[in-house]
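So you can see what is in the structure, the chains are spelled out below.
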Amino acid sequence: MSKVEGLIFIMARTVSYIVDDAQEGERFDVVLANAGLYASRSRAARALDEGRVFSNGALVAKKQRASAGDLLICELDEDAHAQGIAGEPIDLDIRFEDDDLIVLSKPAGMLTHPSADHQSGTLVNALIHRYGCDGLCNVQGEDDRPGIVHRLDGDTSGLMLAAKTDEAGQALMDAIALRDVDRRYLALVHGVIASDTGMIDAPIARHPKIRAQMGVFDTPSSREAMTTFTTLARFAPESFDNGYTLVECKLYTGRTHQIRVHMQYIAHPIVGDRTYVAHAPKCPAASLGLERQFLHSYRLAFDHPMTGERLEFSDGLPDDLAKALESLQHRCEYMKQSFDLGALSNEKEGER
């Protein structure tokens, strides 16, 4: 089962592995992946995080370094012989690309990268098919995330960035961390927001009981999260709902589910969201027929990391979101003066 170095003895669903001299000083997730014990470095890292790997009888962390002669005991994945991430011929809606980066519009329903229960049909599978692993950056250090510098939730649509080279990828990640990439989203939320603008500065952490969810918590594991919003339109309530507000949200941090968590936190959850539903009307009709959250990445602006050229892109609403918004037009009580509701359905090609 070993590639070349080391010695492996199979024992049911666990294996033992002796670290070779050549692997001295390497991180354990690298050692495990290179030895073929896990299909990718990210799977090895997950096994370490889950406490399924021991070195000389003690639990190890993925950032810990290996020493020659270390005896590793590993519990294998259920799919112990899984292959690496495969490319798939999935259409990509590319708005711009050059030798360094890609700007694309991700459809709703597509995950950004593979997860434990979704190994196919992701943006990464599509990117690998089009460019190959060697044609994509790997700055995140995860074998299942080539090209990825940031992510969108599976059911969030719209513009996002990918990188072809490590230099461009690292520069884009740094720019995002420094808040130099202008990312704006359209969100339709339940309830009528009275203020024209607002800022939500509330820390986000993983839910202590529901691992798939995030929330606003004041705990040591919480991370700073800041979202601003501008009210674009308000729609009057009817019998089955409490009205709606269309907002433009701007991210200053990039926490998991950030906008969805923050809008629920201020008692205005996103229409169609199936996870963050506190304060949402109980009547199914209040979701306006949507099968996913009304959240769309519609504006993206940044300086090209290699040339310095300012790039700006826009993306109109997908048909499902445009249809939901159109159903509310007769109820519109307020619209921001500079905002054109009709234009949202027409900005399909992007702009530079």
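In the block above lies the structure referred to throughout.
Residues numbered from 1 in each chain as written. Predicted model: local features only at pLDDT ≥ 70, side-chain atom pairs only at ≥ 80, totals over all residues. Heavy atoms only, no water.

Undergrad: Is there a simple way to explain the pairing of strand β8 (residues 157-163) in this structure?
TA: In summary, the side chains of a regular strand alternate between the two faces of the sheet. By the criterion of burial, β8 is predominantly enclosed, with 7 of the 7 residues buried. Relative to β8, strand β7 (residues 101-106) runs antiparallel, the two being bridged by 6 bridges. Note that in β8 the partner of Val103 across the bridge is Leu161. As paired strands, β8 and strand β15 (residues 295-303) are joined by 2 bridges and run parallel to one another. Bridge pairing in β15 places Gly158 opposite Ser297. (Buried < 20%, exposed > 50% of the residue type's maximum accessible area, 1.4 Å probe, protein only. Helix = DSSP H or I, 4+ residues; strand = E, 2+ residues; numbered from the N terminus. Pairing = 2+ DSSP bridges.)

Undergrad: Whenever I open this one, a nonpolar patch on the surface confuses me. Can you help?
TA: Judged by side-chain polarity, Ile18, Phe54, Leu59, Leu71 and Ile73 come together as a nonpolar surface patch covering roughly 390 Å² of accessible area. Along the chain, the position of Phe54 falls in strand β3 (residues 53-55). (Patch = residues over 30% accessible without salt bridge, like charges linked within 9 Å, V, L, I, M, F, W, Y side chains within 5 Å. Areas by Shrake-Rupley, 256 points an atom, 1.4 Å probe, with all protein chains shown as cover. Salt bridge = Lys/Arg side-chain N within 4 Å of Asp/Glu carboxyl O.)

Undergrad: Sorry if this is basic, but what is going on with helix α5 (residues 258-265) here?
TA: Quick reminder: α-helices carry 3.6 residues per turn. Residues three or four places apart thus point the same way. Of all the 8 residues making up α5, 7 are buried; the element is thus mostly covered by neighbouring parts of the structure. Along α5, the residues that are buried comprise Gln258, Ile259, Arg260, Val261, His262, Met263 and Gln264.

Undergrad: Help me understand the pairing of strand β5 (residues 71-75), please; the structure alone is not making it clear to me.
TA: Along β5, the buried face is formed by Leu72 and Cys74; none of Leu71, Ile73 and Glu75, which line the opposite face, is buried. As paired elements, β3 and β5 share 3 bridges and run antiparallel to each other. Note on β5: the bridge partner recorded for Ser55 is Leu72.

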